[in-house]
Amino acid sequence: MTPFGIRKFIKRLLGLGPAERTEDARPPARAKVTLILVDEKGEEQTYQGGAGDTPLFISGNMAKPIGSGCNDSSCATCRVEILEGHENVSPQGSGEKETLAANAYDENLRLACRMEILQGSVKLRAYEFLEI
Ligand code: FES
């Protein structure tokens with residue numbers, strides 16, 4: 001024990017020092033979510049992330065990540081189709097719809113850089129992938 005530690009220990013014994021910390025200082029762990037990504041050949045990749053992560057963020061850990069251009073929902077490069085798990089993602093915002101329409105894509109597609117996976121498992125079909 002260092003001299004500083006001894007002083008703190010004695011102060012605590014005398015009731016002069018701060019109470020010993022008992023709570024865990026780490027933030028609570030987020031629930032795990034699962035992203036299943038399907039490519040144009042039907043091959044699947046699976047990876048887990050935390051609740052609230054975007055598919056684009058989670059796919060960054062995959063061998064073949066979703067392609068992206070702007071990361072601010074203006075290019076629609078990251079467009080994906082939800083195959084399973086519609087109930088597990090955040091609702092589509094007006095910005096997503098506008099970007100898809102402006103780029104002449106079906107408005108039912110989603111932007112992987114904006115949509116969040118909130119719980120459970122989601123299966124997506126991506127159209128463009130990052131070349132590694
Ligand atoms: S990366 Fe451009 S819209 Fe998602």
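Residues numbered from 1 in each chain as written. Predicted model: local features only at pLDDT ≥ 70, side-chain atom pairs only at ≥ 80, totals over all residues. Heavy atoms only, no water.

A. Seen up close, a nonpolar patch on the surface. A grouping of Ile-6, Phe-9, Ile-10, Leu-13, Leu-14 and Leu-16 is seen on the molecular surface, where their side chains present a nonpolar patch of about 630 Å² in accessible area. Within the element layout of this structure, Phe-9 appears in helix H1 (residues 3-13). Accessibility expressed as a relative area gives 39% for Phe-9, which makes it partly exposed. (Patch = residues over 30% accessible without salt bridge, like charges linked within 9 Å, V, L, I, M, F, W, Y side chains within 5 Å. Areas by Shrake-Rupley, 256 points an atom, 1.4 Å probe, with all protein chains shown as cover. Salt bridge = Lys/Arg side-chain N within 4 Å of Asp/Glu carboxyl O. Helix = DSSP H or I, 4+ residues; strand = E, 2+ residues; numbered from the N terminus. Buried < 20%, exposed > 50% of the residue type's maximum accessible area, 1.4 Å probe, protein only.)

B. Main features of the side chain of Asp-53. In this structure, Asp-53 sits in the loop between strand E2 (44-50) and helix H2 (55-59). Asp-53 sits in the buried class, given a relative accessible area of 10%. Within the structure, the side chain of Asp-53 is placed 3.0 Å from the side chain of Arg-30, a separation counted as a polar contact. Those residues in contact with Asp-53 that lie beyond four places of it in its chain are Arg-30, Ile-58, Met-115, Glu-116 and Ile-117. (Polar contact = N/O pair within 3.5 Å; in protein donor to acceptor, adjacent residues only side chain to side chain. Contact = heavy atoms within 4.5 Å.)

Remember that the coordinates give geometry; whether it matters functionally is a separate question.
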